Amino acid sequence: MSEDRQTVFSGLQPTGNVHIGNYLGALVNWVKLQDNYDTIYCVVDLHAITVNYDPAEYQKERLEAAKVLIATGIDPNRSLFYFQSQVPQHAELSWILGTMTPTGVLNRMTQFKEKAESAGSNLGLYSYPVLMAADILLYRANLVPVGDDQRQHLEMTRDLAERFNNRFGEVFPIPEALIPEKTARVMSLTDPTAKMSKSAPNEKSRVLILDSPDVIRKKIKSAVTDSEPTVRYDWDEKPGISNLLEIMSGCTDRSVDDLVSEYADSGYGVFKEAVAEAVVTKLAPIRSAYQQLDDREVARLMQKGALDARTRAEGFAQEIRKVTGLSAP
Ligand code: ATP
Ligand code: LTN
């Protein structure tokens, strides 16, 4: 890691399976940024236990999430890559930042309101954005690649960094969100007015990174569209088609305009087949990389990542303890 490179941090929850929304909204950027930045990527297992879970199952799901990320292109030799729970400095900073977070701000968090309604409220779910701010600020990250749904959390993180700096001195850079122009919010295939989500009950609503080609084709074929058969990019009138256009564009690096000019009059059947093939082609190498990964080797890589992360985090944590009057006596 060279000193002059900017630091990137992002996290993914190990709940359910990683879907194409996660991939196009965030992971594509995670992978690219490895070329030019000091990258730190974290499987945020403390965040995901804010909703009910089965411990034995969770142990497996965490490793699965790590494997999917590696298959996608996260390289543990180029990025610092680990499980959040293995680095206690995240939780320590979260407590300190929590003392500076007005509860009125937390009350306004959309994700909290939605999850509290569906899964029931608890203190962890409420303070979830504070832990996220701690993840980012702990490493003094400059850039945070995320999907559009994380915008509000990022704003809160920036506010907390400023609040901390005003009180204790210039410790944290103010982090910027890196959100893609298109595919920042990939929508559900069964309800294109809702975000594609890991937790939606209908499995047909999302394409998983590890879905087989057949399953992908079926899901895209049954994606909800409208009855006027022109392929047009229009989120108000044609959210289903606009979503598929963005997905195809994200999988092919062709612009939405270019796709519209090719498929405008070809009919939905032909268009959906083309979308499905683009997704299958994009995901095939990831699926085969995943199949070649060895669980024990990945577990070893995660242990090594945690050791390195702890060392790095402790250096920053000591400075934070110093300015906040919490150093060892
Ligand atoms: P859930 O699907 O249950 O709401 P999540 O997928 O939002 O959970 P994470 O797995 O932590 O939670 O998200 C990882 C990254 O994927 C985040 O940066 C998030 O913004 C992004 N992301 C999640 N869903 C989408 C989506 N539908 N479109 C674009 N980006 C998304
Ligand atoms: N809150 C995010 C996951 C997350 C994260 C982070 C993202 C936890 N810590 C730090 C970026 C940076 C989510 O729900 N998707």
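See above for the structure.
Note that this is a predicted model, so its numbers are computed, not measured. (Residues numbered from 1 in each chain as written. Chains lettered and ligands numbered in written order. Predicted model: local features only at pLDDT ≥ 70, side-chain atom pairs only at ≥ 80, totals over all residues. Heavy atoms only, no water.)

Trainee: How would you explain the layout of surface pockets if you had to name every residue and give the values?
Mentor: Roughly 430 Å³ of internal volume is contained in the second largest pocket. Of all the secondary-structure elements, those providing two or more residues to the lining of the second largest pocket are helix H1 (20-33) and helix H10 (239-252). Here the lining of the second largest pocket gets 7 residues from one element, more than from any other, and that element is H1. In terms of residue class, the lining of the second largest pocket is built from 6 nonpolar, 7 polar and 6 charged. (1 Å grid on protein atoms, 1.4 Å probe; cavity = no way out; pocket = protein on both sides within 12 Å on 5 of 7 lines; lining within 4 Å. Points joined across faces, edges and corners; volume = space filled by probe spheres on them. Helix = DSSP H or I, 4+ residues; strand = E, 2+ residues; numbered from the N terminus. Nonpolar A, V, L, I, M, F, W, Y, C, P; charged D, E, K, R; others polar.)

Trainee: Please set out the site of ligand 2 residue by residue, giving values where relevant.
Mentor: Neighbouring ligand 2 are 14 residues, the closest being Gln 13, Tyr 128, Met 132, Asp 135 and Gln 150. Here Gln 13 contributes a side-chain N or O atom positioned 3.3 Å from an oxygen atom of ligand 2. The side chain of Gln 150 places a nitrogen or oxygen atom 3.0 Å from a nitrogen atom of ligand 2. Coverage of ligand 2 by the protein chains reaches 91% of its 370 Å² of free accessible surface. Listed by contribution, the elements that provide at least two residues to the shell around ligand 2 are strand S1 (7-12) and helix H7 (123-138). (Near = heavy atom within 4 Å. Polar contact = N/O pair within 3.5 Å; in protein donor to acceptor, adjacent residues only side chain to side chain. Areas by Shrake-Rupley, 256 points an atom, 1.4 Å probe, with all protein chains shown as cover.)

Trainee: Got a sec to walk through empty space enclosed by the protein? Specific residues and values, please.
Mentor: For the coordinates displayed, the defined rule picks out 1 cavity of 30 Å³ or more. If you go around the largest cavity, the residues you meet are Gln 111, Phe 112, Lys 115, Leu 125, Tyr 128 and His 153. Mapped by element, the contributors of at least two residues to the lining of the largest cavity are helix H6 (110-119) and H7. The class makeup of the residues in the lining of the largest cavity is 3 nonpolar, 2 polar and 1 charged.

Trainee: I'd love a proper account of unusual backbone geometry, names of residues and values included.
Mentor: For Arg 140, which is not glycine, the phi torsion reads 55 degrees and is therefore positive. Relative to the elements of secondary structure, Arg 140 occurs in the loop between H7 and strand S4 (143-145). Take Arg 140: its relative accessible area is 22%, and that puts it in the partly exposed class. The residue Asp 253 is not glycine, and still its phi comes out positive at about 65 degrees. Here Asp 253 lies in the loop between H10 and helix H11 (256-263). (Buried < 20%, exposed > 50% of the residue type's maximum accessible area, 1.4 Å probe, protein only.)

Trainee: Tell me about the side chain of Lys 198, residues and numbers included.
Mentor: Mapping Lys 198 onto the fold places it in the loop between strand S5 (176-178) and helix H9 (213-221). The buried charged residue Lys 198 lacks any salt bridge, with Glu 61 as its nearest oppositely charged partner at 7.9 Å. In contact with Lys 198, not counting residues within four places along its chain, are Leu 12, Gln 13, Thr 15, Asn 17, Val 18, His 19, Asn 22 and Arg 206. (Lys, Arg positive; Asp, Glu negative; His and termini not counted. Salt bridge = Lys/Arg side-chain N within 4 Å of Asp/Glu carboxyl O. Contact = heavy atoms within 4.5 Å.)

Trainee: Can you tell me about the nonpolar core, naming the residues and giving the values?
Mentor: Soluble globular proteins: nonpolar side chains tend toward being buried together. Judged by nonpolar contacts, the single largest core of 56 residues is most densely connected at Phe 81, Phe 271 and Val 279. The element that contributes the greatest number of residues to this core is helix H12 (residues 268-291), accounting for 11 residues. Apart from residues no more than four positions distant in its own chain, Phe 271 is found in contact with Val 231, Ile 241, Leu 244, Leu 245, Met 248, Tyr 263 and Ser 266. Counting residues in each nonpolar core, the second largest holds 43 residues, with Leu 125, Phe 172, Ile 179 and Ile 320 among its members. (Core = buried A, V, L, I, M, F, W, Y, C linked by side-chain atoms within 4.5 Å.)

Trainee: Account for the site of ligand 1, naming residues and giving values.
Mentor: Around ligand 1 sit 20 residues in total, of which Asn 22, Asp 149, Val 186, Lys 195 and Lys 198 are the nearest. Note that an oxygen atom of ligand 1 is positioned 2.5 Å from one of the side-chain N or O atoms of Asp 149. Ser 197 places a side-chain nitrogen or oxygen 3.3 Å from an oxygen atom of ligand 1. Bound to the protein, ligand 1 loses 94% of the 600 Å² it would expose on its own. Looking at the shell around ligand 1 element by element, the count peaks at 4 residues for H1.

Trainee: Explain the pattern of salt bridges residue by residue, including any values.
Mentor: Using the criterion set out here, one finds 26 salt bridges in the structure. Between Arg 158 and Glu 176 there is a salt bridge, with the nearest N and O atoms lying 4.0 Å from each other. Linking Arg 158 in helix H8 (residues 151-168) with Glu 176 in strand S5, this pair joins segments that are 18 residues apart in sequence. The salt bridge involving Arg 300 is made with Glu 297; its shortest N-O contact spans 3.2 Å. With a gap of 3 residues between them, Arg 300 and Glu 297 both fall in helix H13 (residues 295-323), about one helical turn apart. Exposure remark for Arg 300: the relative accessible area of 44% places this residue in the partly exposed category. Within the structure, one salt-bridge network assembled from shared partners comprises Asp 226, Glu 228, Arg 232, Asp 234 and Lys 238.

Trainee: Explain the packing of aromatic side chains residue by residue, including any values.
Mentor: Here the structure, examined in full by the defined rule, presents 10 aromatic pairs. Look at Tyr 139 and Phe 316: their rings are 6.5 Å apart centre to centre, the planes differ by 90 degrees, and that puts the pair in the edge-to-face class. You can see Tyr 139 sitting in the loop between H7 and S4 and its partner Phe 316 sitting in helix H13, a full 177 residues away along the chain. Among the aromatic side chains, those forming a connected cluster through ring pairs are Phe 9, Tyr 82, Tyr 139 and Phe 316. (Phe/Tyr/Trp six-rings, centres within 6.5 Å; stacked < 30°, edge-to-face > 60°.)

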